[in-house]
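Chain by chain, the residues:
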Amino acid sequence: MQEPTLYQEHLSSTRTEALFIVLTLVPLAAFAGRVQVAGLDGWSIALLLVAALFLFYSFNYRTLVIRIGPESLRLRFGLFEWAIPLENIETCAPDTLTLWRIGGAGIHFTPVAGRYRAMFNFLEYPRVVLLLKRKKGPVRDVVFSTAHPDEVIGLMRERISRPEHTRL
């Protein structure tokens, strides 16, 4: 049974979608040209695989769903979902990391200041960073884009400051 929803946001980006479509079509066109010139060989198969990868990105990273419930925050990008129990969130704040460190839209993992981050993002939206009390695998921080960072941060801070979420 799914917990009640206190906040939900569906975030999408036409710019990111357009980028992934272009990144699908370019290697697909190169594949077609390569097959006409050289037949089906290793390079043409590699181009087709790159096109297939970006086609997957086009569908999978179309919408980021943010859902905050009484017990957890859930982030879902297509097939991938990350659930964070509120009791494991130490604090949350606006993310000030520059776009150069993010590595693009979608899901990324990167070290920042000695802490490993999982990032669910679109480039044109502000981001919120959650610092975890206990690592999830190597991940110490979770970052996600939102169109309403002040509302999300306010709700998260209210939820994680409650006594039932401060015990370990």
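Conventions we followed
Residues numbered from 1 in each chain as written. Predicted model: local features only at pLDDT ≥ 70, side-chain atom pairs only at ≥ 80, totals over all residues. Heavy atoms only, no water. Core = buried A, V, L, I, M, F, W, Y, C linked by side-chain atoms within 4.5 Å. Buried < 20%, exposed > 50% of the residue type's maximum accessible area, 1.4 Å probe, protein only. Helix = DSSP H or I, 4+ residues; strand = E, 2+ residues; numbered from the N terminus. Contact = heavy atoms within 4.5 Å. Pairing = 2+ DSSP bridges. Axes fitted to C-alpha atoms, helices over the stretch in contact; angles between N-to-C directions. Parallel < 35°, antiparallel > 145°, perpendicular 65-115°, else oblique. Left-handed = near helix turned anticlockwise from the far one by under 90°.

Draft legend 1. Looking closely at the nonpolar core. By size, the foremost hydrophobic cluster in this structure holds 32 residues, and its most contacted members are Leu73, Phe120, Leu130, Phe144 and Met156. It is helix H4 (residues 149-160) that provides the largest number of residues to this core, a total of five residues. Residue contacts for Met156: discarding those within four places in its chain leaves Ile68, Leu73, Leu86, Ile89, Cys92 and Leu130. Counting six residues, the second-largest nonpolar core is a separate cluster that includes Leu97, Val112, Met119 and Val129.

Draft legend 2. The sheet that holds strand S9 (residues 139-145), seen in detail. The five strands lie next to each other as S5-S8-S9-S7-S6, forming an open sheet whose pairing is mixed. On the outer flanks of this sheet lie strand S5 (89-94) and strand S6 (106-112), each paired with one strand and no other. Direction aside, neighbouring strands of the sheet carry axes that sit 20 degrees apart on average. In this fold H4 packs onto S5, strand S8 (127-136) and S9, with an angle of close to 160 degrees to the strand it touches most, S5.

Draft legend 3. Highlighting the packing of helix H1 (residues 14-38) against helix H2 (residues 42-60). Interaxial distance between H1 and H2 falls to 8 Å at its minimum, and their mutual angle equals 160 degrees. Of the possible angle classes, the one that applies to H1 and H2 is roughly antiparallel. When you trace H1 past H2, the crossing you get is left-handed. Between H1 and H2, the contacting residues are Glu17, Phe20, Ile21, Leu23, Thr24, Pro27, Leu28, Ala30, Phe31, Arg34 and Val35 on the first element and Trp43, Ser44, Leu47, Leu48, Val50, Ala51, Phe54, Leu55, Tyr57 and Ser58 on the second.

Draft legend 4. Highlighting the sheet that holds strand S3 (residues 72-77). Taken in spatial order, the four strands of this open sheet run S1-S2-S3-S4, and their pairing is antiparallel. Because the sheet does not close on itself, it has two edges, and the strands there are strand S1 (7-12) and strand S4 (80-85). Averaged over all pairs of adjacent strands, the angle between their axes in this sheet comes to 10 degrees, without regard to strand direction. As paired strands, S1 and strand S2 (residues 63-68) are joined by six bridges and run antiparallel to one another. Looking across to S2, one finds that Leu11 is bridged to Leu64. The strands that H4 touches are S1, S2 and S3; relative to S1, the one it contacts most, it runs at about 145 degrees.

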